Amino acid sequence: SQTMRTVTMIALLFLAVTSCMGQYQTVPRGKKYSEVPASEYKLYFEDRQGSIVSPWHDVPLYTQSDNTNQTYNMIVEIPRFSQAKFEIHRELLMNPIVQDKEDNHLRYVPNVFPWHGHVCNYGAFPQTWENPFHEDEWTGLKGDKDPIDVCEVGSKPVATGTVLPVKILGILGLLDGGETDWKVIVMNSNEAAEKSIDTLKELRSEHPGVVEAVRRFFTVYKVPAGKPENVFAYNGEVKDKALAVEVISYTNLAWKEMIHNCSISGENVGTFNTANALQGTACSVDKNTARGEVNSMPAFDPVEATLPENVDDWSFLPASASTRGAEIFQPFVALVFMLLAFKDHP
């Protein structure tokens, strides 16, 4: 029966999620939110065998417990409704998650009214690369240098460093400074199965306003820093999962080429550290080298540094044609989600 098939699918996805989430643990170093370079916070990854691994190169793109390759592993960098802009560092050995900097200061996602920090659990897909040397077939632009970005729209915040099995629902093509910066919209696979959400249409039906709120957030989140609103491919339309899967496959192929190149660099793109523990390439490093890198970092200080005084301040957008034309219900839907998320936190 359909009910039995649904129950079976949920059970299988639960096994995939618990297996994957228990396969890795994080190894913190330094002091969280510290502006002092000598105590910079870094979050390394360790597998079940106790080996330091690269979250970019060694965590598989597909959840291994799902042999249909329809469940993907997401590396969570920024929990929903938080502000510290954590990201996988593409230049450091073993690619720890660090807090990004601008003008030598740590970066925080602005609280664009009515949101608080990021609108979704934000992160990246491992074993993908938005190649900055090649133009893609969909936008005609080169990639933005990073693993492809992922926006998870499940009902709960997810911690930085979580390897989260997700289902693909759609994709948004942000065009940033002449580069393509894809945003894949997903939901954690357990919740997607429980709510029978497998398509963008079903997401819109089950959670009205979420897709539009995500698009609105990515349109305006840079405005508080004095930058213009972002523009998108396909006139800002969020495309369905068929295109998302195509784009992810393309970036996975680009990664498969890059992982064999141990000295990638270029003008205005920086360098790319392809050292890995498990891929068996010329760039692979042994366990002692990877562990030695972690041990050379400052010891973890569990007392977090003081956050900037204005980290929770709201930023209000100026009136413009595009903001006046936005769907008026979107901010209120987002605000409801925010209140629900914090209702159990005094």
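Residues numbered from 1 in each chain as written. Predicted model: local features only at pLDDT ≥ 70, side-chain atom pairs only at ≥ 80, totals over all residues. Heavy atoms only, no water.

Q: It is not clear to me how empty space enclosed by the protein should be interpreted in this structure. Could you clarify?
A: A probe matching the size of a water molecule, rolled over the atoms, marks out where space remains unfilled. Under the defined criterion, the tally for this structure stands at two cavities of 30 Å³ or more. The calculated volume of the largest cavity comes to roughly 60 Å³. Lining the largest cavity, in full, are Trp-129, Glu-130, Asn-131, His-134, Asp-136, Leu-141, Lys-142, Gly-143, Thr-180, Trp-182, Tyr-250 and Thr-251. Elements with a minimum of two residues in the lining of the largest cavity: β11 (142-143), β14 (179-188) and α5 (241-258). (1 Å grid on protein atoms, 1.4 Å probe; cavity = no way out; pocket = protein on both sides within 12 Å on 5 of 7 lines; lining within 4 Å. Points joined across faces, edges and corners; volume = space filled by probe spheres on them. Helix = DSSP H or I, 4+ residues; strand = E, 2+ residues; numbered from the N terminus.)

Q: When you look at the pattern of salt bridges in this model, what are you seeing that I'm missing?
A: Taken as a whole, this structure holds 15 salt bridges when the rule is applied. Put simply, Arg-90 and Asp-146 hold a salt bridge, and the shortest N to O gap is 2.5 Å. Of this pair, Arg-90 sits in the loop between β5 (86-88) and β6 (97-99) while Asp-146 sits in the loop between β11 and β12 (149-152), and the two are 56 residues apart along the sequence. Look at Arg-90 and you get buried, because its relative accessible area is 17%. When its relative accessible area of 19% is taken as the criterion, Asp-146 is described as buried. For the salt bridge of Asp-176 with Lys-222, the shortest nitrogen-to-oxygen distance reads 2.9 Å. (Salt bridge = Lys/Arg side-chain N within 4 Å of Asp/Glu carboxyl O. Buried < 20%, exposed > 50% of the residue type's maximum accessible area, 1.4 Å probe, protein only.)

Q: Could you clarify how one ought to interpret helix α4 (residues 210-220) in this entry?
A: Given 3.6 residues per helical turn, the α-helix brings residues three or four places apart onto the same face. Here α4 lies mainly inside the structure; ten of its eleven residues are buried. Within the sequence span of α4, burial applies to Val-210, Val-211, Glu-212, Ala-213, Val-214, Arg-216, Phe-217, Phe-218, Thr-219 and Val-220.

Q: Just to check I follow, could you spell out α5 for this structure?
A: For α5, spanning 18 residues, the distance from its first C-alpha to its last is 25 Å, which sits close to the expected 26 Å at 1.5 Å a residue. Taken together, the buried positions of α5 are occupied by Leu-243, Ala-244, Val-247, Ile-248, Thr-251, Asn-252, Ala-254, Trp-255 and Met-258. Considering only its buried residues, α5 is in contact with β4 (72-78), β13 (163-176), β14, β16 (239-240), β17 (264-266) and β18 (270-272). (Expected span 1.5 Å × (residues − 1). Contact = heavy atoms within 4.5 Å.)

Q: Please clarify how the packing of aromatic side chains should be interpreted in this entry.
A: Where two aromatic rings form a pair, the distance of their centres and the angle of their planes describe that pair. Inspection of the entire model under this criterion finds 16 aromatic pairs. Where Tyr-72 meets Phe-125, the ring centres are 5.5 Å apart and the plane angle is 40°; that geometry is what we call tilted. Here Tyr-72, found in strand β4, pairs with Phe-125, found in the loop between β10 (121-124) and β11; they are 53 residues apart in sequence, far enough to count as distant. Using a relative accessible area of 1% as the deciding quantity, one classes Phe-125 as buried. Consider the rings of Phe-218 and Tyr-221, whose centres lie 5.8 Å apart with planes at 90°: the pair is edge-to-face. In this structure, Phe-218 and Tyr-221 share a single accessibility class: buried. Here the aromatic cluster, defined as three or more aromatic residues joined through ring pairs, consists of Trp-115, Tyr-122, Phe-217, Phe-218 and Tyr-221. (Phe/Tyr/Trp six-rings, centres within 6.5 Å; stacked < 30°, edge-to-face > 60°.)

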